[in-house]
Amino acid sequence: PATEDARERADREDVALMLRFKGGEARAFEQLLARHRRGVFNFCLKMLGDRAAAEDAMQEVFLRVVRSAKDWERQAKVTTWLYTIARNHCIDAIRKAGYRKTASLDHALNDQEGDAPLGERVADEEGIAPDRGAESARMRLILARAIGALPAEQREVFVMREHAGMPFKDIAAVVGVPENTVKSRMRYALEHLRQSLARAGVTRDVT
């Protein structure tokens, strides 16, 4: 997880990019997209449970950013604003299409872009030998199904915390509940994941 100083530096950089984009610099938007594309995609994937739907959602989110840039004010963090847009879009998509959440961590845009998703970290935390690749893939699938089975309010908190590395206070701003409620949802999510993994015969911790 990013340190507080690193998060603050990233927040300042996001604000600077957003101000530049608001001022008409297209390159600044390209940099914002590069910084947040993976996180937004992973969030949409876990919420919608379908890769194509997540890609469409990600495009819609950033189109909304383009359309709304002129009205953006420096009142909240860029990430808070961005994930609020993503969350609202996913909620609307779920209501309209009734997606069944069966997200696969194997489809996340993490494979060649830095930090591994939780499924890979759990599977690889003690080192996975090449001949255990099948076990690692099975572990990721089991965890993906467990995440997909979480209640939506727990899943969104878990994904923003684990995949986007957001502080609890920022997640609280996105979902519109007190920080303690967010922490409680995270605890429930972790407990549900432990129970799901235990039923599948997996003994490694998810934290």
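Residues numbered from 1 in each chain as written. Predicted model: local features only at pLDDT ≥ 70, side-chain atom pairs only at ≥ 80, totals over all residues. Heavy atoms only, no water.

(A) Molecular detail of the overall build of the chain. Per the secondary structure count, the chain includes nine helices and zero strands. Expressed as a percentage of its 207 residues, the buried residues of the chain come to 43%. If you take every contact in the chain between residues at least 6 apart in sequence, the share linking residues at least 24 apart comes to 66%. Accessible surface for the chain amounts to roughly 11000 Å². Of this, 47% is attributable to carbon and sulfur atoms. (Helix = DSSP H or I, 4+ residues; strand = E, 2+ residues; numbered from the N terminus. Buried < 20%, exposed > 50% of the residue type's maximum accessible area, 1.4 Å probe, protein only. Contact = heavy atoms within 4.5 Å. Areas by Shrake-Rupley, 256 points an atom, 1.4 Å probe, with all protein chains shown as cover.)

(B) The arrangement of the nonpolar core in detail. The biggest cluster of nonpolar side chains holds 54 residues, and the ones touching the most others in it are Met18, Val40, Phe43, Cys44, Phe158, Met160 and Ile171. Of all elements in the fold, only α1 (4-22), α2 (26-48), α3 (51-68), α4 (78-97), α6 (133-148), α7 (152-162), α8 (168-175) and α9 (179-199) reach the threshold of two or more residues within this core. Considering every element that reaches this core, the biggest residue donor is α2, with 10 residues. (Core = buried A, V, L, I, M, F, W, Y, C linked by side-chain atoms within 4.5 Å.)

(C) A look at the pattern of salt bridges. With the rule as written, the count across this model stands at 13 salt bridges. Here Glu25 and Arg20 are joined by a salt bridge, their closest N and O atoms 2.6 Å apart. Linking Lys70 and Asp71 is a salt bridge whose minimum nitrogen-to-oxygen distance equals 4.0 Å. No difference in accessibility class separates Lys70 from Asp71, as the two residues are exposed. Among the charged side chains, a salt-bridge network with shared partners connects Asp11, Lys77 and Asp170. (Salt bridge = Lys/Arg side-chain N within 4 Å of Asp/Glu carboxyl O.)

(D) Main features of the packing of α2 against α3. Where α2 meets α3, the closest approach of the two axes is 8 Å, and the angle between their N-to-C directions is 140°. Between α2 and α3, the interaxial angle falls into the category oblique. Both α2 and α3 take part in a crossing whose hand is right-handed. Where α2 abuts α3, its residues Phe29, Leu33, His36, Arg37, Val40, Phe41, Cys44, Leu45 and Leu48 lie against Arg51, Ala53, Ala54, Glu55, Ala57, Met58, Val61, Phe62, Val65 and Val66. (Axes fitted to C-alpha atoms, helices over the stretch in contact; angles between N-to-C directions. Parallel < 35°, antiparallel > 145°, perpendicular 65-115°, else oblique. Left-handed = near helix turned anticlockwise from the far one by under 90°.)

(E) Inspection of the packing of aromatic side chains at higher detail. Evaluated as defined, the whole model comprises three aromatic pairs. Taking 5.1 Å as the distance between ring centres and 35° as the angle between the ring planes, the aromatic pair formed by Phe21 and Phe29 counts as tilted. Every member of this aromatic cluster is reached through a ring pair, and the members are Phe21, Phe29 and Phe62. A cation over a ring is seen here: Arg161 above Phe168, with NZ or CZ 4.0 Å from the ring centre. (Phe/Tyr/Trp six-rings, centres within 6.5 Å; stacked < 30°, edge-to-face > 60°. Lys NZ or Arg CZ within 6 Å of the ring centre and 35° of its normal.)

(F) Representation of the environment of Leu190 within the structure. Positionally, Leu190 belongs in helix α9. For Leu190, a relative accessible area of 13% gives the class buried. Distance from Leu190 to Ile147, taken between C-alpha atoms, is 9.5 Å for residues 43 residues apart in sequence.

(G) How the structure looks around the state of the cysteines. Within this structure, the stated rule accounts for zero disulfides. Cysteine Cys44 shares no disulfide, and the gap to the nearest cysteine sulfur, in Cys90, comes to 3.7 Å. (Disulfide = S-S within 2.5 Å.)

(H) Quick look at the side chain of Asp170. Counting through the fold element by element, Asp170 comes out in helix α8. Side chain to side chain, Asp170 and Lys77 meet in a polar contact 3.0 Å long. Look past the residues within four positions of Asp170 in its chain and what remains in contact with it is Lys77 and Thr80. (Polar contact = N/O pair within 3.5 Å; in protein donor to acceptor, adjacent residues only side chain to side chain.)

(I) Representation of α4. Here α4 spans 28 Å end to end across 20 residues, near enough to the 28 Å set by a 1.5 Å rise per residue. Here α4 has its buried residues at Val78, Thr79, Thr80, Leu82, Tyr83, Ile85, Ala86, Arg87, Cys90, Ala93 and Ile94. Those residues of α4 hidden inside the fold are in contact with α1, α2, α3, α7 and α8. (Expected span 1.5 Å × (residues − 1).)

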